[in-house]
Amino acid sequence: MAEPLRVLVTGAAGQIAYSLLYSVAKGDVFGPNQPIILVLLDIQPMLGVLEGVVMEMMDCALPLLREVIPSVNEMEAFKDVDVAMLVGAMPRREGMERKDLLAANVKIFKSMGNAIDTQAKKNIKVVVVGNPANTNAYICKKYAPSINPANFTALTRLDQNRAQAQIAAKLGVSNSSVKNCVIWGNHSSTQYPDVNQAVVDLNGKSMPVREAVKDDNWLNNDFIKTVQQRGAAVIKARKLSSAMSAAKAIVDHVRDWWNGVPDGTYVSMAVPSDGSYNIEEGLIYSFPVRTKPDHTYEIVKGLTINDFSREKMDATEKELSEEKNMALSVCES
Ligand SMILES: NC(=O)c1ccc[n+]([C@@H]2O[C@H](COP(=O)([O-])OP(=O)(O)OC[C@H]3O[C@@H](n4cnc5c(N)ncnc54)[C@H](O)[C@@H]3O)[C@@H](O)[C@H]2O)c1
Ligand SMILES: O=C(O)C[C@H](O)C(=O)O
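Residues numbered from 1 in each chain as written. Chains lettered and ligands numbered in written order. Predicted model: local features only at pLDDT ≥ 70, side-chain atom pairs only at ≥ 80, totals over all residues. Heavy atoms only, no water.

Colleague: Quick question: what am I supposed to make of the pairing of strand 4 (residues 83-86) here?
Modeller: Side chains on a regular strand alternate between the two faces of the sheet. What you see with strand 4 is no split at all: Val83 and Met85 on one side and Ala84 and Leu86 on the other are buried throughout. Pairing between strand 1 (residues 5-10) and strand 4: 4 bridges, direction parallel. From the neighbouring strand, Val9 faces strand 4, where its bridge partner is Met85. Pairing geometry for strand 4 and strand 5 (residues 125-128), over 4 bridges, is parallel. Paired with Leu86 across the two strands is Val128, which belongs to strand 5. As a crossover connection, the stretch from strand 4 through helix 4 (residues 102-119) into strand 5 is right-handed. (Buried < 20%, exposed > 50% of the residue type's maximum accessible area, 1.4 Å probe, protein only. Helix = DSSP H or I, 4+ residues; strand = E, 2+ residues; numbered from the N terminus. Pairing = 2+ DSSP bridges. Right-handed = clockwise from strand over helix to strand, strands pointing away.)

Colleague: Explain the confidence of the model for the protein chain to me, please; I cannot follow it from the model alone.
Modeller: Parts of the prediction with low pLDDT should not have their coordinates interpreted in detail. Confidence in the prediction of the protein chain, expressed as mean pLDDT, is 97, and 100% of residues score 70 or more. In the predicted complex, the global pTM is 0.98; the interface-specific ipTM is 0.99. (pLDDT = per-residue confidence, 0-100.)

Colleague: When you look at the sheet that holds strand 7 (residues 178-179) in this model, what are you seeing that I'm missing?
Modeller: Across a sheet, strands are paired by hydrogen bonds formed along the backbone, either parallel or antiparallel in direction. With respect to topology, 3 strands assemble into an open sheet ordered 7-10-11, the strand pairing being antiparallel. Of all the strands in the sheet, just strand 7 and strand 11 (205-208) have a single pairing partner and so form its edges. Where strand 7 lies against strand 10 (residues 199-202), 2 bridges are found, and the strand directions are antiparallel. Across the sheet, Val178 pairs through a bridge with Val200, a residue of strand 10.

Colleague: I tried to follow the domain arrangement of the protein chain on my own but got confused; where do I start?
Modeller: Interface size, as often reported, equals the accessible area lost upon joining of the parts. What the domain assignment reports for the protein chain is domain 1 (5-154) and domain 2 (156-324). Once you take the C-alpha centre of each, domain 1 and domain 2 turn out to be 23 Å apart. Each side of the interface is counted separately: domain 1 has 37 residues, and domain 2 has 43 residues. Regarding the contact of domain 1 and domain 2, the summed buried area is about 3200 Å², with carbon and sulfur atoms giving 62% of it. (Domains from an automatic or database assignment. Contact = heavy atoms within 4.5 Å. Buried area = accessible area lost by both parts, 1.4 Å probe.)

Colleague: Would you explain the site of ligand 2 in this entry?
Modeller: Close contacts around ligand 2 come from Arg92, Arg98, Asn131, Leu158, Arg162, His187, Gly231, Ile235, Ser241 and Ser242, and that covers them all. Within the side chain of Ser242, a nitrogen or oxygen atom sits 2.7 Å from an oxygen atom of ligand 2. The class makeup of the residues in the shell around ligand 2 is 2 nonpolar, 5 polar and 3 charged. Both domain 1 (5-154) and domain 2 (156-324) contribute no fewer than three residues apiece to the shell around ligand 2. (Near = heavy atom within 4 Å. Polar contact = N/O pair within 3.5 Å; in protein donor to acceptor, adjacent residues only side chain to side chain. Nonpolar A, V, L, I, M, F, W, Y, C, P; charged D, E, K, R; others polar.)

Laid out in C-alpha cells, this is it:
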C-alpha cells in the first residue's frame, strides 16, 4: 500500500466538515488503496466539539484511516500537509452577500497562507471553501509565495453540480448524463453558469444541451438566476448554509483534481487566471479545467464566447477585482 497522505480539514468542528470527513476517510477522494492521516483544525473554543468528531471518526473503524489528529494550532496543523481543504470561516446568514464576510474571514486566509508557506509540503494542493472563497484563495496564495500559485484553488464545483442538476431535472435524465456545464468567475451571485458547451446523453446519443432543452429563454434567464441564487435559497429554507451538498462538491473537486477527468470532459474550478479569455492575470476565477492523473490541470482554451457570455464573464471579473482590492487593504491594515 502507498504511504499515507496527510490531509488537513479546517473548520473541522463545523457543519460542512461533519458531512465531509467520513467521505474523505472512507476513500471517496483518494481511492480505495490510499491510506490517509486526517488533521482536523478548528479554533480553541471548539476543542470540545472537535474531540467528539475525533471519537466518531475512530468509531467508524475505517480501513484507510491511519490517524486522526485534532489541532487548534495552525502552525502545527499545516506541518507536512499534502492536501488542505480550507473550510473554516464564518458562514453568511440570510440577507447577506458572500462578500459581506470579507472583513471577518480574509485574515484567516492570510494567516493560513503564512502557515502553508512555512510548514506544508511544497507541492501541497489547496481548495478554499470558506467564503468569499475566490478572494480568500487569492489572499492565501499571496501569503504563500514559495508554493506554485496553481496549487491554490477555490470551490465552484457546487455551482457546477447545481447547474448540472437543474438541466438534468428539466430534461428528466440522470445527473450523470449532463456534461461540461461551465461556471465562470466568482462563487457569488455574479457567477455565470454557461451551458453553451454542455452536452447531454439522450437515448444513447450525445447532443448539445441547448438543442435538447429547446428553451433559450429559460436557459438565459431563470436557469442562470436559480444557480446564482441557490446558496441564498438554501440559507432561507434551512436557516443555515449548504453543508451536505458543499461537502459532496469538495469531494468531487479534489477527487477530479487528484485523479483527472476522462478525455473530452472538463470541470469548473476557480484557479489563478493566466490571462485566458482576457481575465485579469492572478485573480482566482472559475474556468473550465481539464484535470490530469498527475494531479495537475490546465484551463480549457479556445471555447467560443458570444456577446451574452462575454458581458457576464466581465461582470463577475469586475466583482473579483474589487473584492481583491478590498481584501488587500484589509490584510495590509
Ligand atoms: N464555496 C462554497 O461552495 C461553499 C459552500 C458552502 C459553504 N461555504 C462556506 O464555508 C464556510 C464554512 O461553512 P460551515 O457551514 O461549515 O460553517 P460552520 O460555522 O458550521 O463551521 C465553520 C467552522 O470553522 C471554524 N473556524 C473559524 N475560524 C477558523 C480558523 N481560523 N481556523 C480553523 N477553523 C476555524 C469554526 O469554529 C467552525 O467550527 C463558510 O464560510 C461558508 O460560507 C462555501
Ligand atoms: O451561499 C452561501 O453562503 C453558502 C455557499 O457558498 C453556497 O453556495 O451554498
